[in-house]
Amino acid sequence: MSPLKRNAVAGESSKLPRHIAVIMDGNGRWAKRRGLPRSAGHSAGADSFRKAARYCQKLGVEYLTVYAFSTENWKRPADEVAGIMSLLEKYLRQALRDLEKEKVRICIFGDLAPFAPELQRLCRECMDRSSVYTGAQVNICLNYGGRDEIVRAARRWAADGCPELSEQVFGSYMWGGNIPDPDLLIRPGGEKRISNFLLWECAYAEFYFSDVLWPDFDEKEFDKAIAAYQERQRRFGDIGDNEA
Ligand code: FPP
């Protein structure tokens, strides 16, 4: 039996997270353990991502945000970068074919300018054509950095003539605009750091770290992460029920 509390009352910490963010880490080690090239790990990671998106949609999670390529990942060997680019291209082409079946809104967070023109075109076409779907949203972070996002937000805010500032106004300049912040940030792969991911948005996210490598992070692992989240007491700076 799944450990998830699916029918929890809105407002309780036991409810399903509306927004899950994932740092898809461990592809390289997954491949190495099997004597395979790193590209095979990324390919398995892309499969894991597709399954995760479907599972989150099935559970009723409204937003899934994944870290697919950071502003720092350009430092990797050229053939590894090219491999990830071709996986992205393959995913986007398939997503365009499956749009009507999957009914998921796809957004890309990050500056697309350095990508090949065809990859940029596919990203834009996916975003445009899927924007009609409002049930579930998948955000793919590409050439993304959390600090870079904040600096760009500040530049855009200044270019808009510095409208009166509040957290909500500034948040609207982030890549996701005013979508709800992640409730749960999952990092598989054994590392326990945020790696410049969603620095603004994760102010109150619950963190879940797992030693399982991303290609092996299946439905059972998602259930465990969500069950752990449901056990947390979210306080948002308040004293919480235990102290009352
Ligand atoms: C981190 O693992 C993973 C990446 C930098 C790339 C993630 C890319 C994908 C999952 C494929 C493309 C994505 C989509 C959305 C189709 P790592 O290589 O740092 O692993 P390691 O720590 O074991 O070396």
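Each remark here, short or long, concerns the structure printed above.
Residues numbered from 1 in each chain as written. Predicted model: local features only at pLDDT ≥ 70, side-chain atom pairs only at ≥ 80, totals over all residues. Heavy atoms only, no water.

J.: Help me understand the pairing of strand E4 (residues 136–144), please; the structure alone is not making it clear to me.
T.: Regular strands place side chains that alternate from one sheet face to the opposite one. Of all the 9 residues making up E4, 9 are buried; the element is thus mostly covered by neighbouring parts of the structure. Two strands pair when backbone bridges link them, and strand E3 (residues 104–109) and E4 are joined in this way by 6 bridges, in the parallel orientation. Bridge pairing links Ile106 to Val138 in E4. (Buried < 20%, exposed > 50% of the residue type's maximum accessible area, 1.4 Å probe, protein only. Helix = DSSP H or I, 4+ residues; strand = E, 2+ residues; numbered from the N terminus. Pairing = 2+ DSSP bridges.)

J.: What should I look at first to understand the side chain of Asn143 in this one?
T.: Inspection of the secondary structure assignment puts Asn143 in strand E4. Since its relative accessible area comes to 7%, Asn143 is described here as buried. There is a polar contact of 2.9 Å between the side chain of Asn143 and the side chain of Trp74. A polar side-chain atom of Asn143 sits 2.8 Å from the main-chain carbonyl oxygen of Asp111. Setting aside residues no more than four positions away along its own chain, Asn143 makes contact with Phe69, Ser70, Thr71, Trp74, Gly110, Asp111, Pro114 and Phe115. (Polar contact = N/O pair within 3.5 Å; in protein donor to acceptor, adjacent residues only side chain to side chain. Contact = heavy atoms within 4.5 Å.)

J.: Can you walk me through the pattern of salt bridges in this structure?
T.: Pairs can form between side chains of opposite charge whenever their charged atoms are close. Overall, the coordinates contain 19 salt bridges when judged by the stated rule. Residues Glu62 and Arg18 are paired through a salt bridge, measuring 2.9 Å at the closest nitrogen-oxygen approach. Of this pair, Glu62 sits in the loop between helix H2 (38–59) and strand E2 (63–70) while Arg18 sits in the segment before strand E1 (19–23), placing them 44 residues apart in sequence. Here Arg187 and Asp25 are joined by a salt bridge, their closest N and O atoms 3.1 Å apart. Placement of Arg187 in strand E5 (residues 184–187) and of Asp25 in the loop between E1 and helix H1 (27–33) is noted, with a sequence separation of 162 residues between them. Of the two residues, Arg187 and Asp25, neither departs from the other in class, the shared state being buried. Salt bridges linked by common partners bring Glu89, Arg93, Glu118, Arg121, Glu125 and Arg129 together as one network. (Salt bridge = Lys/Arg side-chain N within 4 Å of Asp/Glu carboxyl O.)

J.: Mind showing me how you'd approach the packing of aromatic side chains here?
T.: Think of a pair of aromatic rings as described by two things: how far the centres are apart, and how the planes are tilted against each other in angle. Overall, the coordinates contain 12 aromatic pairs when judged by the stated rule. Considering the side-chain rings of Trp74 and Phe115, the 5.4 Å spacing of their centres and the 40 degrees angle between planes classify their relative orientation as tilted. Of this pair, Trp74 sits in the loop between E2 and helix H3 (78–102) while Phe115 sits in the loop between E3 and helix H4 (117–130); the two residues are 41 residues apart in sequence, bridging distant segments of the chain. Its relative accessible area of 33% is what places Trp74 among the partly exposed residues. Judged by centre distance (6.0 Å) and plane angle (20 degrees), the rings of Trp214 and Phe217 are stacked. The same class applies to Trp214 and to Phe217, which are both buried. Connected via pairs of aromatic rings, a cluster forms that spans Tyr67, Tyr144 and Phe197. (Phe/Tyr/Trp six-rings, centres within 6.5 Å; stacked < 30°, edge-to-face > 60°.)

J.: Just checking my understanding: could you explain unusual backbone geometry for this structure?
T.: Outside of glycine, negative phi angles account for most residues, and trans bonds account for most peptide bonds. One non-glycine residue, Asn143, lies in the positive phi region at around 45 degrees. Unusually for a residue other than glycine, Ser195 sits at a positive phi of about 50 degrees. When you line up the elements, Ser195 lands in the loop between E5 and strand E6 (206–209).

J.: Whenever I open this one, the nonpolar core confuses me. Can you help?
T.: It is characteristic of soluble globular proteins that their nonpolar side chains tend to be buried jointly. Grouped together as the largest cluster of nonpolar side chains are 47 residues, with contacts concentrated most on Ile20, Val22, Ile140, Leu142, Ile186 and Phe222. Counting residues per element, this core draws most heavily on H3, which supplies 9 residues. Setting aside chain neighbours within four positions, we find Ile20 in contact with Cys56, Val61, Tyr63, Leu64, Thr65, Leu184, Ile186, Phe222 and Ile226. (Core = buried A, V, L, I, M, F, W, Y, C linked by side-chain atoms within 4.5 Å.)

J.: Would you take a moment to explain the sheet that holds E1 for this structure?
T.: Strand-to-strand pairing in sheets goes through backbone hydrogen bonds, with the strands running parallel or antiparallel. As summarised here, the arrangement of the 6 strands in space is E3-E4-E2-E1-E5-E6, forming an open sheet in which the pairing is parallel. Either end of the sheet is taken by a strand with one partner, and the two such strands are E3 and E6. Averaged over all pairs of adjacent strands, the angle between strand axes in this sheet comes to 20 degrees, irrespective of strand direction. (Axes fitted to C-alpha atoms, helices over the stretch in contact; angles between N-to-C directions.)

J.: So what exactly am I meant to see when it comes to H4 here?
T.: Structurally, the α-helix is built with 3.6 residues per turn, so residues lying three or four positions apart point the same way. Given a rise of 1.5 Å per residue, 14 residues ought to cover 20 Å, and the 20 Å separating the end C-alpha atoms of H4 matches this to within 8%. Those residues of H4 that sit buried are Leu119, Gln120, Leu122, Cys123, Cys126 and Ser130. Considered in projection along H4, the buried side chains sweep an arc of 165 degrees and stay on one side of the axis. What points out from H4, more than 90 degrees from its buried face, is the exposed set Pro117 and Asp128. Packing partners of the buried residues in H4 comprise H3, E3 and E4. (Expected span 1.5 Å × (residues − 1). Arc of directions from axis to C-beta.)

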